[in-house]
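These are the residues of each chain, in order.
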Amino acid sequence: MKSFSLLSRGTGVAFLAPAGLLVGAFVIAPFFWVIFVSFTNRSLLGRTAVDPDFVGLANYFSLFDAATFFTRGEFGSSLILTIQFVLLSAVVGQAALGMLLAWMLQSVPKSLKHVTETVAIGAWILPEVVIAFAWFAFLDYENGTLNMIMEALGFPPGDWLLSFPFWAIVVFNTWRGTAFSMMLFNSAFASIPPSYFQAADVAGASSWQKFRDIGLPLIRGHVVTDLILITMWSFNVFTPFLLTSGGPSYRTEILPIYTYRIAFRDFDFGKGAAVGVVVMLINLVFALFYLWVMRRRAKGVAA
Amino acid sequence: MTRYLGLYFTRIGFSVATALIGVFFALPLVWFIFAPFNPRAELGLSIPEPFSLTNFEAVFQNGFAMRGLWNSLVQSVGGVILVGAGATLASYALSRSPIPGKSVITYILLLFSSVVSGSAAMVPIFLIINGIGLIDTQIAVILVFAGGLLPTAMFILRDFIDSIPKSYEESAMVAGASPVQAFFDVALPVIRPGIVVVVVWAFVSIWGSFLIPFILLRSSEKMPASVAIYSFYSEAGTPIVTLLAAYSLLYSLPVVILYLLVSWKFGFRFFGGIKA
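Basis of the calculations
- Residues numbered from 1 in each chain as written.
- Chains lettered and ligands numbered in written order.
- Predicted model: local features only at pLDDT ≥ 70, side-chain atom pairs only at ≥ 80, totals over all residues.
- Helix = DSSP H or I, 4+ residues; strand = E, 2+ residues; numbered from the N terminus.
- Buried ≥ 20, exposed ≤ 12 C-beta atoms within 10 Å, placed from the backbone.
- Rg over C-alpha atoms; globule rule 2.2 N^0.38 Å.
- Contact = placed C-beta atoms within 7 Å.
- Expected span 1.5 Å × (residues − 1).
- Nonpolar A, V, L, I, M, F, W, Y, C, P; charged D, E, K, R; others polar.
- Domains from an automatic or database assignment.
- pLDDT = per-residue confidence, 0-100.
- Axes fitted to C-alpha atoms, helices over the stretch in contact; angles between N-to-C directions.
- Parallel < 35°, antiparallel > 145°, perpendicular 65-115°, else oblique.
- Left-handed = near helix turned anticlockwise from the far one by under 90°.
- Core = buried A, V, L, I, M, F, W, Y, C linked by C-beta atoms within 7 Å.

1. Remarks on the overall build of chain A
Right, so step 1: Each helix and strand counted, chain A has 15 helices and 0 strands in total.
Right, so step 2: When burial is assessed residue by residue, chain A has 44% of its 303 residues classed as buried.

2. Details of the overall build of chain B
Right, so step 1: Regarding its fold elements, chain B presents 12 helices and 0 strands.
Right, so step 2: Tracing chain B from N to C terminus, the helices and strands come up as α-α-α-α-α-α-α-α-α-α-α-α.
Right, so step 3: Here the C-alpha radius of gyration of chain B, 24 Å, is well above what a compact globule of 276 residues would show, namely 19 Å.
Right, so step 4: Its C-alpha atoms put chain B at 75 × 70 × 35 Å along the principal axes.
Right, so step 5: Long-range pairs, those at least 24 residues apart, make up 72% of the contacts in chain B between residues at least 6 apart in sequence.

3. As for helix α9 (residues 165-190) of chain A
Right, so step 1: End to end, α9(A) covers 38 Å across 26 residues, agreeing with the expected 38 Å (1.5 Å per residue, within 8%).
Right, so step 2: By the criterion of burial, α9(A) is predominantly enclosed, with 21 of the 26 residues buried.

4. Some details on the interface of chain A and chain B
The figure often quoted for interface size is the accessible area lost as the parts come together.
Right, so step 1: Each partner contributes to the interface: chain A provides 80 residues, whereas chain B provides 84 residues.
Right, so step 2: Within the residue set of the side of chain A that touches chain B, elements represented by two or more residues are α1 (9-37), α4 (75-105), α5 (110-125), α6 (128-138), α7 (145-152), α9, α14 (255-265) and α15 (269-302) of chain A.
Right, so step 3: Element by element, the count of residues in the side of chain A that touches chain B is highest for α1(A), at 20 residues.
Right, so step 4: Of the residues contributing to the side of chain A that touches chain B, the split by class is 58 nonpolar, 19 polar and 3 charged.

5. Topic: the domain arrangement of chain B
Residues and elements named next belong to chain B.
Right, so step 1: Structurally, chain B comprises domain 1 (2-52) and domain 2 (63-265).
Right, so step 2: The C-alpha-based centres of domain 1 and domain 2 are spaced at 34 Å.
Right, so step 3: Counting from both sides, the interface comprises 7 residues of domain 1 and, opposite them, 6 residues of domain 2.

6. Side note on the confidence of the model for chain A
Right, so step 1: In the predicted model, chain A carries a mean pLDDT of 86, and 97% of its residues have values of at least 70.
Right, so step 2: When pLDDT is averaged over each helix and strand of chain A, the minimum, 73, is found for helix α2 (residues 47-50) of chain A and the maximum, 92, for α4(A).

7. Quick look at the packing of helix α6 (residues 138-162) of chain B against helix α8 (residues 179-208) of chain B
Residues and elements named next belong to chain B.
Right, so step 1: Between α6 and α8, the least distance of the axes is 10 Å, while the angle of their chain directions is 155°. Considering the angle they form, α6 stands roughly antiparallel to α8. Of the two elements, α6 crosses α8, and the hand of that crossing is right-handed. Facing α6, whose interface residues are F145, L149, A153, I156, L157, F160 and I161, α8 presents I191, G194, V197, V198, A202, S205 and I206.
Right, so step 2: Within the contact of α6 with α8, the residues separate by chemical class into 12 nonpolar, 2 polar and no charged.

8. Here we look at the environment of A:L21
Right, so step 1: Assignment of secondary structure puts A:L21 in helix α1.
Right, so step 2: Taking the C-alpha atoms as reference points, A:L21 and A:D53, separated by 32 residues in sequence, lie 30 Å from one another.

9. Some thoughts on the nonpolar core
All names here are of chain B.
Right, so step 1: Ranked by size, the top nonpolar core spans 162 residues in total, and within it V83, V144, L150, V198 and A202 carry the most contacts.
Right, so step 2: At 15 residues, the largest contribution of residues to this core is made by α8.
Right, so step 3: Formed jointly, this core draws a minimum of three residues from each of two domains, domain 1 (2-52) and domain 2 (63-265).

10. Observations concerning the confidence of the model for chain B
Residues and elements named next belong to chain B.
Right, so step 1: Within chain B, residue pLDDT values average 84, and 93% of them lie at 70 or more.
Right, so step 2: Per-element confidence in chain B is highest for helix α9 (residues 211-216), whose mean pLDDT is 92, and lowest for helix α12 (residues 270-273), whose mean pLDDT is 42.
Right, so step 3: Scored below 50 in pLDDT, residues 268-276 makes 18 contacts in the model with residues more than four places away or belonging to other chains.

11. Re unusual backbone geometry
Glycine aside, residues mostly have negative phi, and peptide bonds are mostly found in the trans state.
Right, so step 1: Residues other than glycine seldom take positive phi values, yet A:S245 does so here, at roughly 55°.
Right, so step 2: Relative to the assigned elements, A:S245 resides in the loop between α13 (240-244) and α14.
Right, so step 3: Even without being a glycine, B:D136 presents a positive backbone phi close to 65°.
Right, so step 4: Tracing the chain through its elements places B:D136 in the loop between α5 (122-131) and α6.

12. Considering the packing of α1(A) against helix α3 (residues 63-96) of chain B
Right, so step 1: Relative orientation of the contacting elements α1(A) and α3(B) amounts to 135°, with a least axis distance of 8 Å. By the angle between their axes, α1(A) is oblique relative to α3(B). At the point where α1(A) passes α3(B), the crossing takes the left-handed sense. Touching A:G12, A:F15, A:L16, A:P18, A:A19 and A:L22 of α1(A) are B:L82, B:G86, B:A87, B:L89, B:A90, B:Y92 and B:A93, all from α3(B).
Right, so step 2: Across the contact of α1(A) with α3(B), the residue classes tally to 11 nonpolar, 2 polar and no charged.

13. Points about the environment of B:R218
Residue and element names in this part refer to chain B.
Right, so step 1: Its place among the elements puts R218 in the loop between α9 and α10 (225-228).
Right, so step 2: On the neighbour-count criterion, R218 (9 C-beta atoms within 10 Å) is exposed.
Right, so step 3: Each C-alpha atom of the pair R218 and F203 lies 23 Å from the other, and the pair is 15 residues apart in sequence.

Below, the structure written as C-alpha cells:
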C-alpha cells in the first residue's frame with residue numbers, strides 16, 4: 001500500500017526551496033569556494049583581485065614551510081597555540097569546571113545554586129563585545145578590579161594583557177563558556193534516579209566515591225557530547241580578538257584571528273583560504289566523530 | 001552519626017567552593033553594574049555618587065550610537081524572519097512530504113553548517129557577497145546569518161514537527177482543506193512554540209555577533225551596535241568609558257530580557273541545547 005503523505009512532492013520541494021537556496025549560497029557554496037580560492041593567489045587589491053592565477057599548492061607549501069613553521073606569527077605556531085588554547089580553556093577549563101560546578105550544585109542550598117547559575121549564564125549569554133570590554137576593564141593595569149583585589153590581598157599588581165596574554169584568553173574563554181557544560185552536566189545528573197545516590201549514602205559512600213562510581217559512569221555519553229561541542233566552538237572562536245587583537249606580538253593569535261589577519265589585513269585571500277580549508281578539515285573530523293557517536297547512541301537505544 | 005556529620009561537612013565545603021567560583025564568574029561583571037550610572041566612570045570599580053543617568057542621556061543624544069542599535073535590530077529581525085519562515089517551511093516539508101533521503105538531507109546540512117564556521121569561511125563568504133555586489137549592505141549580513149543558522153533551526157523544528165501527530169492535518173484534509181491550508185491553519189498554530197524557540201535563538205545569535213558584520217560592512221552608518229561600539233574611543237585610542245558602559249548595558253538588554261522570558265516560559269534548560 002502506498003503510504004499517504006500530506007504534501008505532494010512538488011509542494012515539498014517548493015517548501016524546501018527558500019531554505020535550500022540560502023544554505024546553498026552561504027554555507028555549501030563557501031565550503032567549495034574556499035577550496036578553489038586556496039589554489040589561487042587571489043587578493044583584495046590589484047590585478048590578482050579580478051584575475052587571480054592558479055598557483056597549485058603554493059599556499060599550502062607556504063603554510064607548512066618547515067623553515068618558518070614554528071616562527072611566531074606563522075601558521076604552525078598559531079596552530080600549536082590554538083591546540084593549547086582549546087585543551088586548556090575548553091577541555092580543562094570549561095568541561096572540568098562545568099563538571100565540578102554541576103556536581104557541587106546538586107548539594108548546595110537552593111539560593112546559592114540559583115545565584116551561581118545566574119552569573120555563569122550571564123557570562124555566557126551577554127554579547128561578546130560587551131564581555132570583552134568588561135574583561136578589558138577588569139584586567140586594566142592601573143584601575144582594573146583584578147589589580148584592586150590583588151593589592152587588597154597584598155600581592156603586586158600585574159599588567160595581565162601584556163605579561164600573560166595567553167593565560168588571559170584561556171581564563172577568559174573558560175569564564176565565557178563554562179555555563180554550557182555546567183547546564184549540560186546539571187541536567188544529566190538530574191536524570192539519574194535519586195535512589196542510586198540514596199543507596200550509596202546508606203552504604204556510607206563519600207561524595208567523591210559517588211561521583212566516580214555512579215555519577216560519572218552514568219553521564220559518560222553527555223561528557224563525550226560536551227567535549228566534542230566545546231572543542232569545536234573554542235577551535236573556531238573569534239572573541240579573543242576583541243580582547244587582545246591577537247597580540248602582543250602574535251602571542252594570542254589563535255587560528256581564527258590568524259585567518260583574519262592574513263586575509264583582511266595582509267589581503268592575501270589565497271593563503272587565508274588555505275588556512276580556512278585546514279580549519280574546516282579539522283572541524284570535519286570532529287563533526288563526523290560527533291555524528292558517529294550520535295548514530296551509535298541512537299542505535300543503542302533502539303536495540 | 002559520623003556519616004551524617006560527613007555529609008554535613010561535604011555540604012559546607014561544596015557551598016564555600018561554589019560561592020568562590022560564583023565570585024569568579026561575577027567579578028568581571030560587577031564593574032558593569034556601577035559604571036553605566038557613574039558620570040565619572042573609569043575602568044576602575046567605584047560606586048557612583050550619586051547614581052545618575054547622564055551617561056544614558058549622552059548615548060541617546062549620540063545619533064551614531066542609536067543608529068547602531070537600530071541597525072542591530074534591522075539585521076536581527078531580518079535574519080530572524082528568513083530563518084523562522086525558511087526553517088518552518090523546510091522542516092515541514094522534510095517531515096511531511098515524500099522527498100527521498102529526507103534524514104540524510106538534514107544530517108548533511110547539519111554537518112556542513114558545523115564545518116563551515118564563520119572564522120573558517122570568512123574569505124569565501126566575503127568573496128561571494130562581493131561577487132553578487134552586496135558588500136557593505138545590511139541585506140548581506142542578513143542573508144549570511146540566515147544561511148548559517150538555518151540548518152540548526154531546521155534540525156530543531158523537524159524534531160518538533162515529527163512529534164506532532166499527522167492525524168491533525170489529515171482530519172483537516174478529510175474535511176476538505178488543501179495541503180497548504182492544512183499547513184497554515186492546522187499545523188502552524190501547533191508548531192508555534194517550536195518556532196518561538198528557533199526565533200529567539202536566532203535573534204540572540206545575530207544580535208550579539210561581531211565577525212560577520214565586521215568583515216561585510218564598511219560604512220559606519222550601516223554598522224550594528226557590536227561594531228559601532230568601537231567608535232566610542234577618543235582620538236588617542238583610549239575608550240570613552242562612560243559612553244561605552246551605558247551603551248553596553250542598553251545593547252545587552254534585549255538579550256537579557258529574552259533570556260528571562262524564555263527561562264520563565266520554557267524552563268531553565270532551553271538555552272542549554274542550542275547555541276551557534
